[in-house]
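As a plain string of letters, each chain reads:
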Amino acid sequence: MKVKFDHEQKKEIGKFCIDIAKLIFGGVILAGILKDNNNTFVTVFSGFFAVILFLGIGIYFSKKNN
């Protein structure tokens, strides 16, 4: 089953993914400041990976014409 989205829905999905990327970025920064985790490298690496992933998906859906 293939789901088809119209242009407005794709833009909203893009905005949502960009907002998720911003929230993850803020969470990683706060976790780094508070240093509540024993392994900060894994936290920062996985956080930035998730930010790049959601940002890429958000930009893809925001800029897609059809």
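Please refer to the structure placed before this passage.
Residues numbered from 1 in each chain as written. Predicted model: local features only at pLDDT ≥ 70, side-chain atom pairs only at ≥ 80, totals over all residues. Heavy atoms only, no water.

What follows is about the overall build of the chain. Assigned secondary structure in the chain consists of 2 helices and 0 strands. Counting all 66 residues of the chain, 15% fall into the buried class. Long-range pairs, those at least 24 residues apart, make up 78% of the contacts in the chain with a sequence separation of at least 6. As displayed, the chain has an accessible area near 5300 Å², and 68% of this comes from carbon and sulfur atoms. (Helix = DSSP H or I, 4+ residues; strand = E, 2+ residues; numbered from the N terminus. Buried < 20%, exposed > 50% of the residue type's maximum accessible area, 1.4 Å probe, protein only. Contact = heavy atoms within 4.5 Å. Areas by Shrake-Rupley, 256 points an atom, 1.4 Å probe, with all protein chains shown as cover.)

A few words now on the pattern of salt bridges. Opposite charge on two side chains allows them to pair when their charged atoms are near. This structure, assessed with the given rule, holds 2 salt bridges. Residue Lys22 is joined to Asp19 by a salt bridge in which the shortest nitrogen-to-oxygen separation is 3.3 Å. Here Lys22 pairs with Asp19, and both are found in helix 1 (residues 7-34), just 3 residues apart, close to one helical turn. (Salt bridge = Lys/Arg side-chain N within 4 Å of Asp/Glu carboxyl O.)

Glancing now at the packing of aromatic side chains. For any pair of aromatic rings, the description rests on two quantities: the centre-to-centre distance and the angle between the ring planes. Considering all chains together, one arrives at 2 aromatic pairs under this definition. When the ring of Phe25 is compared with that of Phe48, the centres are 5.8 Å apart and the planes differ by 55°; the resulting orientation is tilted. With Phe25 in helix 1 and Phe48 in helix 2 (residues 40-63), the pair connects residues that are 23 residues apart, well separated along the chain. The class of Phe25 is partly exposed, set by a relative accessible area of 39%. (Phe/Tyr/Trp six-rings, centres within 6.5 Å; stacked < 30°, edge-to-face > 60°.)

It is worth spelling out helix 2 at this point. Along an α-helix, residues three or four apart share an orientation, since each turn contains 3.6 residues. Given a rise of 1.5 Å per residue, 24 residues ought to cover 34 Å, and the 34 Å separating the end C-alpha atoms of helix 2 matches this to within 8%. Taken residue by residue, helix 2 has Gly47, Ala50, Val51 and Gly58 as its buried positions. (Expected span 1.5 Å × (residues − 1).)

Here we come to a nonpolar patch on the surface. Together, Phe25, Ile29 and Phe48 make up a nonpolar patch on the protein surface, roughly 250 Å² of accessible area in all. Tracing the sequence through the fold places Ile29 in helix 1. Overall, Ile29 belongs to the partly exposed group, its relative accessible area being 37%. (Patch = residues over 30% accessible without salt bridge, like charges linked within 9 Å, V, L, I, M, F, W, Y side chains within 5 Å.)

Glancing now at the environment of Ser46. Residue position: Ser46 is located in helix 2. It is 9.9 Å that separates the C-alpha atoms of Ser46 and Ile24, two residues lying 22 residues apart in sequence.

On their own, these measurements won't tell you what the molecule is for.
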